[in-house]
Amino acid sequence: MLKPGLQTTVQDLGRHGFREFGVSPSGAMDPYSLQIGNILVGNELGEAALEAPLIGPVLMALHDVSIAICGGNLSPQINEREIPLWKSLVIKRGQTLSFGELKEGARTYISIAGGIDVPCVLNSKSTYLTGKFGGYEGRALKKGDILFGNPFTGRNRFLHTKHIPKYTNPLTVSVILGPHTGKFTSSGLETFLTEEYTITSQSNRMGYQLTGTKIEHSGMADIISDAIPLGGIQVPASGQPIILMAEHQTTGGYSRIGSVLTADMPLLAQAQPGTRIKFKEISLENAQNLLIDNKRKLDFLYSISRSYS
């Protein structure tokens, strides 16, 4: 690695089954882009890739290797020639992968044929920055780091445009209300579902802090600490919502007004600071159906890629 970018980390689909011990799932903020990248380079769906937010790294290839860049468009280039996203291609030994202007989205994913050879810690290669373990020495990458994968052996692939997500501003995300709706007044619930909020610069992999019209509580904002999910929306006494992201804490004592639909989390992950957000209520049944549809789509694309390997 010649330059590390802003905070480039190794991430896979996350570290699951250890929340009772206080271990965050971590994993890719945008699991859709990570999985599509793996499909394009012939990896298993959950293989680790590099996640680079806002400012990308500069990498030199030590041997010919197939890569795919998916997610946010940070103007990827090989030897200063721009290359497409959502398509696999070969970077040859001695060539340099770099990034330029942020054009769309917030996080880009660099998938490498053969994956990234780092140890599995608690069944995952994901970097847990707060816990300082997983990934590459439990930290963001830095200049001089060397990552190991396998030489290129497959064929180039591309993703049909109908499967490429659109990153918009403003962004509407679907939510399931609860579990603490009783902690909010009817006016507070209406505010949440009708007003617009903005992602602040204090946002990170742990959570997005939003600013906008204050959401009114019916009494105390705090609760007895309980387990909190990915996408949970906490509302502290300030009335300003916080959306819990990939590296969220496992328990919390702020009332939760709702949770972002799992199927919408990849779009939320690609929202930059300054993005305006509106919330739309959705039923649990519809949320489950959308999640199933997304899983079927990824499984279909994966099976198709395997049939042409």
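Here the structure is a predicted model, which is why all the values come from computation and not from measurement. (Residues numbered from 1 in each chain as written. Predicted model: local features only at pLDDT ≥ 70, side-chain atom pairs only at ≥ 80, totals over all residues. Heavy atoms only, no water.)

Along the backbone of the protein there are four helices and 18 strands. For 309 residues, the compact-globule estimate of 2.2 N^0.38 gives 19 Å, and the protein sits close to it at 20 Å. For the C-alpha atoms alone, the extent of the protein along its principal axes is close to 60 × 40 × 35 Å. Buried positions account for 51% of the 309 residues belonging to the protein. Put simply, of all contacts in the protein between residues at least 6 apart along the chain, 73% involve residues at least 24 apart. (Helix = DSSP H or I, 4+ residues; strand = E, 2+ residues; numbered from the N terminus. Rg over C-alpha atoms; globule rule 2.2 N^0.38 Å. Buried < 20%, exposed > 50% of the residue type's maximum accessible area, 1.4 Å probe, protein only. Contact = heavy atoms within 4.5 Å.)

In contact at an axis separation of 10 Å, helix H1 (residues 31-41) and helix H4 (residues 284-307) are set at 15° when each is read in the N-to-C sense. On the basis of the axis angle, H1 is roughly parallel to H4. Read as a crossing pair, H1 and H4 show a hand that is left-handed. Contacts between H1 and H4 pair Tyr 32, Gln 35, Ile 36 and Ile 39 from the former with Lys 297, Leu 298, Leu 301, Tyr 302 and Ser 305 from the latter. Looking at side-chain class alone, the contact of H1 with H4 contains six nonpolar, two polar and one charged residues. (Axes fitted to C-alpha atoms, helices over the stretch in contact; angles between N-to-C directions. Parallel < 35°, antiparallel > 145°, perpendicular 65-115°, else oblique. Left-handed = near helix turned anticlockwise from the far one by under 90°. Nonpolar A, V, L, I, M, F, W, Y, C, P; charged D, E, K, R; others polar.)

Read from one edge to the other, the open sheet built from five strands follows the order S1-S2-S9-S4-S7, with strand pairing classed as antiparallel. Each edge of the open sheet is held by one strand with a lone partner, namely strand S1 (9-11) and strand S7 (88-91). Between one strand axis and the next, the sheet turns through 35° on average, direction left out of account. Judged from the four bridges that link them, strand S2 (residues 49-53) and strand S9 (residues 104-112) form a sheet pairing that is antiparallel. Bridged to Glu 51 within S9 is Tyr 109. (Pairing = 2+ DSSP bridges.)

Our focus in this paragraph is the side chain of Ser 203. With respect to the secondary-structure elements, Ser 203 resides in the loop between strand S11 (197-199) and strand S12 (207-212). Ser 203 gets classed as buried once you look at its relative accessible area, which sits at 18%. Among the polar contacts made by the side chain of Ser 203, one reaches the main-chain amide nitrogen of Gln 209 at a distance of 3.0 Å. Dropping the residues within four chain positions of it, Ser 203 is found in contact with Tyr 208 and Gln 209. (Polar contact = N/O pair within 3.5 Å; in protein donor to acceptor, adjacent residues only side chain to side chain.)

Evaluated as defined, the whole model comprises four aromatic pairs. Ring geometry for Tyr 128 and Phe 133: centres 5.2 Å apart, planes at 90°, overall edge-to-face. With a relative accessible area of 23%, Phe 133 lands in the partly exposed category. Between Tyr 197 and Phe 279, the aromatic rings sit 6.3 Å apart at their centres with planes inclined by 45°, giving tilted as the arrangement. In this pair, Tyr 197 is assigned in strand S11 and Phe 279 in strand S18 (residues 276-281), connecting sequence segments 82 residues apart. Among the residues examined, Phe 279 registers a relative accessible area of 3% and is labelled buried. Taken together, the aromatic side chains of Phe 192, Tyr 197 and Phe 279 make up a single cluster linked through ring pairs. (Phe/Tyr/Trp six-rings, centres within 6.5 Å; stacked < 30°, edge-to-face > 60°.)

Further remarks concern a nonpolar patch on the surface. Side chains of Leu 2, Met 60, Leu 62, Ile 146 and Phe 148 sit close together on the surface and give an oily, nonpolar patch of about 480 Å² of accessible area. Mapped onto the elements, Leu 2 comes out in the segment before S1. (Patch = residues over 30% accessible without salt bridge, like charges linked within 9 Å, V, L, I, M, F, W, Y side chains within 5 Å. Areas by Shrake-Rupley, 256 points an atom, 1.4 Å probe, with all protein chains shown as cover. Salt bridge = Lys/Arg side-chain N within 4 Å of Asp/Glu carboxyl O.)

It is worth spelling out the side chain of Asp 12 at this point. By the secondary structure assignment, Asp 12 is in the loop between S1 and H1. No salt bridge is formed by the buried Asp 12; the nearest opposite charge belongs to Arg 15, separated by 6.3 Å. Within the local environment of Asp 12, its side chain forms a polar contact with the backbone nitrogen of Gly 14, the two atoms lying 2.9 Å apart. Reaching out from Asp 12, the side chain makes a polar contact with the side chain of Ser 126 at a distance of 2.5 Å. Setting aside chain neighbours within four positions, we find Asp 12 in contact with Gly 27, Ala 28, Leu 34, Gly 46, Glu 47, Ala 48, Ser 124, Lys 125 and Ser 126. (Lys, Arg positive; Asp, Glu negative; His and termini not counted.)

This part takes up the nonpolar core. In globular proteins that are soluble, nonpolar side chains generally tend to be buried together. Of all hydrophobic cores here, the largest spans 38 residues; its most connected members are Ile 36, Ile 67, Ile 69, Trp 86, Leu 97 and Ile 110. Those elements that place two or more of their residues in this core are H1, strand S4 (65-73), S7, strand S8 (96-99), S9 and H4. Leave out the neighbours within four places in its chain, and Leu 97 touches Pro 57, Val 58, Leu 59, Ile 67, Ile 69, Gln 77, Ile 78, Ile 83, Ile 91 and Ile 110. Within the second largest apolar cluster, 28 residues are counted, among which are Tyr 197, Met 265, Ile 277 and Phe 279. (Core = buried A, V, L, I, M, F, W, Y, C linked by side-chain atoms within 4.5 Å.)

Structural measurements only, silent on function.
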